[in-house]
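Architecture and fold: a report
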Amino acid sequence: MASILAVDDSPSMRQLVSMTLRKAGHDVHSAEDGTDALSFAKEHGVDVVLTDVHMPKMDGITLTAELRRLPSYRFTPILVLTTESAQEMKMRGKDAGATGWIVKPFDAEALLRILDRVLEPKRN
Amino acid sequence: MSLDLDMAEIHAIFFEESAEGVDVMESGLLNLTPENTDIETINNIFRAAHSMKGGAATFGFLNISSFTHGVETILDEMRSGQRDATEEVIEVLLASVDCIRDMLAASQNQTEADQGNIDSVQQKIDALLNNKAPAGIKSQPVKKPVSASSAVPSRGWKIHYAPESNIFKTGNEPKRLLRELAAMGDMSIVSSLGDDADFDSMDPESCYTSWDIELRGDIEKAAVVDVFEWVSNQSEIRIEALQKEDADVPENKLAESTEQTDAPSAQVVAAPKQAATQSAPKDSGSIRVSIDKIDMLLNLVGELVITQSMLARFGDKENAGGDAQGLRDGLLVLERHTRELQESAMQIRMLPIGASFSRFKRLVRDMSTKLGKKVELKLSGENTELDKTVLEKMSDPLVHLVRNSLDHGIEMPADRIAAGKPETGVLHLSAYHEGGNIVIKVSDDGAGLNRSKILQKAIERGIVAAGEVLSDDQINNLIFQPGFSTADQVSDLSGRGVGMDVVRRNILDLGGRIDLQSTLGQGSTLKIRLPLTLAILDGQLVRVGDQVYIFSLLSIVETVLVSKGQISKVVGTGNVYRLRDDYIPVIRLHEAFNMSSETLFSDSEEKKGELLVVVESDGKKMGLFVDELMEQQQVVIKSLEENYLPVKGLAGATILGDGNVALIIDVPGLVHSIDMRQLENAPQSSAA
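Below: a short report on this structure. Please read these numbers as outputs of a predicted model, since none were measured by experiment.

1. A closer look at the overall build of chain B
Along chain B, the regular secondary structure elements total 22 helices and 22 strands. Long-range pairs, those at least 24 residues apart, make up 71% of the contacts in chain B with a sequence separation of at least 6. Accessible area for chain B stands at about 34,800 Å²; split by element, carbon and sulfur atoms hold 51% of it.

2. Structural notes on the packing of helix H1 (residues 7-30) of chain B against helix H13 (residues 354-371) of chain B
Residue and element names in this part refer to chain B. Where H1 meets H13, the closest approach of the two axes is 10 Å, and the angle between their N-to-C directions is 50 degrees. Relative to H13, H1 is oriented oblique. The two elements H1 and H13 meet at a crossing, and its hand is left-handed. Between H1 and H13, the contacting residues are Asp23, Glu26 and Leu30 on the first element and Arg359, Lys361, Arg362 and Arg365 on the second. Of the residues belonging to the contact of H1 with H13, the class tally is 1 nonpolar, no polar and 6 charged.

3. Some thoughts on the interface of chain B and chain A
Taken residue by residue, the interface counts 46 residues in chain B and 43 residues in chain A. A combined buried area of about 3,900 Å² lies between chain B and chain A, and 55% of that area is made up of carbon and sulfur atoms. Viewed at the interface, chain A and chain B are joined by 1 salt bridge. A salt bridge links Glu164(B) to Lys94(A); its shortest N-O distance comes to 3.0 Å. Along the contact surface separating chain B from chain A lie 4 residue pairs in polar contact (both at pLDDT 80 or more). Of all the secondary structure elements, the ones that give two or more residues to the side of chain B that touches chain A are H1, helix H2 (39-58), helix H6 (174-182) and helix H7 (221-227) of chain B. With 9 residues, H2(B) is the single largest residue contributor to the side of chain B that touches chain A. Counted by class, the side of chain B that touches chain A contains 15 nonpolar, 11 polar and 20 charged residues.

4. Considering the packing of aromatic side chains
All names here are of chain B. Tallying each qualifying case throughout the model produces 6 aromatic pairs over all chains. When the ring of Phe14 is compared with that of Phe61, the centres are 5.6 Å apart and the planes differ by 15 degrees; the resulting orientation is stacked. A residue pair is termed long-range when its members are at least 10 positions apart, and Phe14 in helix H1 and Phe61 in the loop between H2 and helix H3 (62-79) qualify at 47 residues. Assessed through its relative accessible area of 0%, Phe14 is described here as buried. Using a relative accessible area of 1% as the deciding quantity, one classes Phe61 as buried. Ring centres 5.2 Å apart and planes at 45 degrees place the aromatic pair Phe15 and Phe61 in the tilted group. Here Phe61 lies in the loop between H2 and H3 and Phe15 lies in helix H1, a separation of 46 residues in the sequence. One aromatic cluster is present, formed by Phe14, Phe15, Phe59 and Phe61 through successive ring pairs.

5. Notes on the pattern of salt bridges
Residues and elements named next belong to chain B. Tallied over the entire structure, the rule returns 33 salt bridges over all chains. Residue Glu558 pairs with Arg580 through a salt bridge whose shortest N-O separation is 2.5 Å. Placement of Glu558 in strand E14 (residues 556-562) and of Arg580 in the loop between strand E16 (574-579) and strand E17 (582-588) is noted, with a sequence separation of 22 residues between them. Judged by its relative accessible area of 57%, Arg580 is exposed. Each of Asp23, Glu26, Asp98, Arg101, Arg362 and Asp366 takes part in salt bridges that share partners, so that together they form one network.

6. Quick look at the sheet that holds strand E18 (residues 610-617) of chain B
Residue and element names in this part refer to chain B. Within the open sheet, the 6 strands sit side by side as E14-E18-E19-E17-E16-E15. Their pairing is mixed. In this open sheet, the two edge strands, each paired with only one partner strand, are E14 and strand E15 (567-570). The sheet shows a mean angle of 35 degrees between the axes of neighbouring strands, taken without regard to direction. Examined bridge by bridge, E18 and strand E19 (residues 620-626) share 7 bridges and lie antiparallel to one another.

7. Section: the packing of helix H1 (residues 11-23) of chain A against H1(B)
Where H1(A) contacts H1(B), the two axes come as close as 8 Å, and the packing angle between them is 160 degrees. Classified by the angle their axes make, H1(A) and H1(B) are roughly antiparallel. On the side of H1(A), the interface is formed by Pro11(A), Ser12(A), Gln15(A), Leu16(A) and Met19(A), while H1(B) contributes Met7(B), Ile10(B), Ile13(B), Phe14(B) and Glu17(B). The residue inventory of the contact of H1(A) with H1(B), partitioned by class, reads 7 nonpolar, 2 polar and 1 charged.

8. Here we look at H13(B)
All names here are of chain B. Counted at 1.5 Å a residue, the expected span for H13 with its 18 residues is 26 Å, and the 26 Å between its end C-alpha atoms agrees. For H13, every residue scored as buried is listed here: Gly354, Ser356, Phe357, Phe360, Arg362, Leu363, Val364, Met367, Ser368 and Leu371. Where H13 ends, the next residue or the one after it, Gly372, has phi of about 75 degrees, a positive value.

9. Digging into a nonpolar patch on the surface
Residue and element names in this part refer to chain B. Together, Tyr644, Leu645 and Val647 line one region of the surface with nonpolar side chains, adding up to about 300 Å² of accessible area. Here Val647 is to be found in the loop between helix H21 (640-643) and strand E21 (650-655). What makes Val647 partly exposed here is its relative accessible area of 32%.

About the cut-offs
- Residues numbered from 1 in each chain as written.
- Chains lettered and ligands numbered in written order.
- Predicted model: local features only at pLDDT ≥ 70, side-chain atom pairs only at ≥ 80, totals over all residues.
- Heavy atoms only, no water.
- Helix = DSSP H or I, 4+ residues; strand = E, 2+ residues; numbered from the N terminus.
- Contact = heavy atoms within 4.5 Å.
- Areas by Shrake-Rupley, 256 points an atom, 1.4 Å probe, with all protein chains shown as cover.
- Axes fitted to C-alpha atoms, helices over the stretch in contact; angles between N-to-C directions.
- Parallel < 35°, antiparallel > 145°, perpendicular 65-115°, else oblique.
- Left-handed = near helix turned anticlockwise from the far one by under 90°.
- Nonpolar A, V, L, I, M, F, W, Y, C, P; charged D, E, K, R; others polar.
- Buried area = accessible area lost by both parts, 1.4 Å probe.
- Salt bridge = Lys/Arg side-chain N within 4 Å of Asp/Glu carboxyl O.
- Polar contact = N/O pair within 3.5 Å; in protein donor to acceptor, adjacent residues only side chain to side chain.
- Phe/Tyr/Trp six-rings, centres within 6.5 Å; stacked < 30°, edge-to-face > 60°.
- Buried < 20%, exposed > 50% of the residue type's maximum accessible area, 1.4 Å probe, protein only.
- Pairing = 2+ DSSP bridges.
- Expected span 1.5 Å × (residues − 1).
- Patch = residues over 30% accessible without salt bridge, like charges linked within 9 Å, V, L, I, M, F, W, Y side chains within 5 Å.

This is a description of form; function is not addressed.
Structure (C-alpha cells):
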C-alpha cells in the first residue's frame, strides 16, 4: 500500500486510474493539472506520482521537472501516463526526471506491475 | 463521492467530458480564422482532442480514438506552426468535430454512427495529412497493449543490461527487474563493474554495474521487453535470442517493439460492437454544480441542525408549557432556513444558458454559408440560469427559431443593401430575468413578417374566413397555427410547416409562453417567457365547493366580482363575460370537473355575485368561477402522471400544510381546449 498522486485533466481518466489503484489497495489522491498537483505534493508527501502530459496550466513534463527540484521528491518515482508516444516527448520526459513512461491505453495489470516495481526500493 | 465507481459510471463520465471536449473544440474552431490564429486557442483545441483520443482508446472506443488521431495530428502541426489555419483546414476540422460527436453519441446510445459521412471526412483528413505532411509525423496510430505484440517465442534470451549511473535517482531498482526476469524461467547472470568504477571516488547514489543474463525457457520476447519497458531510455539493453535461428530478433529495438502499431482502419470495423459493453442511461444524466452552491447548501443544513436543537429543548418534559416566545422565535428561524434551503436546493438544478447559446455559433455559421447570407450572431445574458430540464427542452425550439430567422427573416446581402440596411444581418439571442420569469429573446433585423401574405395564406388554408378583420397581433399569431408555413418554397434548412406550432406547444408545456413582435422591413423578435423552475410554483389557493385548487399566480390577470346577469350565453362558444372591451369565455370549475352541485349550494347563499378569476395563457384570457380566494403560497409540484394518471385540465398536485392534497389547475391546457372548441364550432369573433 502506497500513497499515489494521480494527475490528469480528464475526470474519467482520473477515476479509472484511481479505481484501478484503490482496488489494489493503494491510497490515491488526484489532481487535475500540474499546478494543482505541485501544490498538493508540496504539502503532502506521496510515494509515487503518476501524471498525464498534456494538461492546462502546467503540463506533466514541467510538473516532473518542478517536483525533481524539491528535495523531498528527488527520488520519488514519477511515472508519466499519456497517449503521447513520440520519442522526442519521451526524451523530454526523461530529461525532466521521469522514472517511467506508460503509453495509454494502459493495462490495469501492467500499471500495477510497474508500480510494484518502482515501489520495491522503498519497501526493502 | 464514493471511492469506487464501476466501469459503466466511468464510461458515463467519459461521455460527459468528451461532450464537453467536443464543445471546446467546436467553439475554439469557430474562433479561429486564417487571420486570427491564437496559439492558446489551438492549444486548447489540441488538448481537448488529445484527451478524447486517450480516453476513447482507454475505454475501448477505438473507432473514436483512431479517427481523432488524424485530427490531433493536424492540430499538432498547427500549433507547432507547420500548418496554417486555412479556411479549408478549419472546415475539415469542424466536420470532424461533428463526426466525433456522432460517434460518441452512437457509442453511448449503442446506435449506429453515420459511417458514410465519417469515411468521407476521414478521407478529407487523410488528404490534408498527405498533402502537406511535414517530414516525419511523430506520433503514431492507436497503440496496442505491449503484451499483444507479435514476438516470437524462443528457447530463451540473452540479455545485456547496463543502466545509466543515475538509475537509482529516478526511483528504479535493477534488482527488482532481475528478480522479475528470474521468475520467468531459468536464469543465469553475470554482473560486471564498469570501467569507471573506482572505489575511492564512487558515488553511493550511482550505479556502476551492468549485467549479462541468460534466460532459458519458452518466453515471449514481449514479456522480456516488458520488464525493461520504462528503463529502456535510461539503459543500454540488448536482447538476443539464445541459439534459436529466428534471427530477425533485432538488437536494442526496445523502443520500437513496445510500440507496435496497427493500421487504424482495421480497428474501425470492430469497434462499434465493443462499445456495447457499456450501458449509460440516457436521460437520468448528471449535472455539474459549482462548489459555491454546494457550500451554501451545506451551510444551510448546518443552520438547520442548530435550529433543530434549539427547538428540541421545547420537547423536553421540564420545558413543556414554558417559554412560548422562544418557541415562536425558533419556528420563525426554522421557517427562514427551510425556505433558504429550498431555494438553494433549487439552485443546484439551475444552469447558465450560455452553453446552449454558444452552440448557435456553429449553426449560424453553417447555415449562413449555405444560404449565402451574411449574419452576425450576438449573444447576451449567457449567465442567466435556467432549470436543467427547461434548458434541455428549450434546445429544439430555439434551434427552430434561429433557423427560421436565418432562413425567412434575414435577407440576402443584395436585398439588404437595396433596402438600405447593412449587408450583414444581426441575429441577437438574449436571456434575462423579468419578474418571476426567464425571458429568452430571438431577434433579427431582417425582413419582418409580411402580414398581408400571412393573412392571404391563412385564408387560402381555411384557417381564417375571408373578409374577417384581424388585429396585427392576431395575424402574427397565425404562424403558430398547425400546418402554417409562409415559405414559398419549403427549404431544406427550415420549415416544412410543422415548426412553429410545435415550438409553441413545447413552450406551453413548460408553462411558458411565446410572443412575436414584427415590423415589416425591420425585423422580428420572438420573446419566450419561461417559469424559473418547473418544480416549484407560486400558487394562489382557491376553494371550489369543498375542494382546494391552486392556480399559478403568474397566470392570474385579475379577479372580478360578477353578478349573474353579466354572463351571456353564446351559441357554440358557451358562456362569455364582458370584461371591459373584451368578451372572454368563462367556465365553472365545478362543471368542468363534474363536481356535484349540492356541495356548492350549501356554500353559496344568495350572494351579491360570484368570484371570477381571470387567467391568461398564450395571450388569451378566460374566466374561471371559484367560491373563495384563499392564501398564496409556494407549492411543490408533484406530477399526476407519475403518481396517478394524467388528468385533463390539471397540471399536477401538491400537498398542503395540513396534509391534504390540492390539485393544480392547468391554465394553458384549459385555455387551449376552449380555444379548440371555438375553432371547431365557429370562426372566432372577438371584435370589441
